[in-house]
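# Observations on the model geometry
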Amino acid sequence: MPKKIPFTSIGKFDSVDEFQTWQNDHSFSWAVETTHTSRCTVCQATQHKMKTQYAVCNNVDCNKKSPCGVRYKIVTCLKRQKVEILKIGEHKGHVFKNAQRGLTEKAKKFGRH
């Protein structure tokens, strides 16, 4: 078993608000399983802590027959509030990465005519 799990970075944010805006714009759905604090590696400083959250995909399409293999790691610097999200694995179901609610412009145009 590897000592370090090879997570891939999928986003870095300068603030928690920026991260939450990104999260609202994407349809990534996860459930946090564990949380802990440790020495900060987000901003390369050793004098303060960061929060690490490990999460699993809880998208309905991915988890219909068996659990999805995607795992997330969300790290937040507790001093500077910088956030990085990392991922490992692939989704089993259909996941819309830039899903938008409501009708598209094409559908609205069709409905007007």
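Before any of the text, the structure's been laid out above.
Reference entry: report on the structure contained in this document. (Residues numbered from 1 in each chain as written. Predicted model: local features only at pLDDT ≥ 70, side-chain atom pairs only at ≥ 80, totals over all residues. Heavy atoms only, no water.)

### Some words on the overall build of the protein
Of regular secondary structure, the protein possesses 2 helices and 5 strands. In the protein, which comprises 113 residues, the proportion classed as buried is 30%. For the protein, contacts bridging at least 24 residues in sequence account for 52% of all contacts bridging at least 6. For the protein, the accessible area works out to roughly 8,300 Å², and carbon and sulfur atoms hold 51% of it. (Helix = DSSP H or I, 4+ residues; strand = E, 2+ residues; numbered from the N terminus. Buried < 20%, exposed > 50% of the residue type's maximum accessible area, 1.4 Å probe, protein only. Contact = heavy atoms within 4.5 Å. Areas by Shrake-Rupley, 256 points an atom, 1.4 Å probe, with all protein chains shown as cover.)

### So, the packing of aromatic side chains
Each aromatic ring pair is summarised here by two numbers: the centre-to-centre distance and the angle between the ring planes. All chains considered together, the criterion is met by 6 aromatic pairs. Centroid distance Trp-30 to Tyr-72: 5.1 Å. Interplanar angle 50 degrees. Geometry classified as tilted. Note that Trp-30 is positioned in strand β2 (residues 30–39) and Tyr-72 in strand β4 (residues 71–77), a separation of 42 residues in sequence. Residue classification places Trp-30 among the buried residues on the basis of a relative accessible area of 16%. (Phe/Tyr/Trp six-rings, centres within 6.5 Å; stacked < 30°, edge-to-face > 60°.)

### A few points about the sheet that holds strand β3 (residues 49–57)
Here 5 strands make up an open sheet; going across it, the order is β1-β5-β4-β3-β2 and the pairing antiparallel. Where the open sheet ends on each side, the last strands, each with one partner, are β1 (8–13) and β2. Along the sheet, successive strands turn relative to each other by an average axial angle of 20 degrees, direction set aside. (Pairing = 2+ DSSP bridges. Axes fitted to C-alpha atoms, helices over the stretch in contact; angles between N-to-C directions.)

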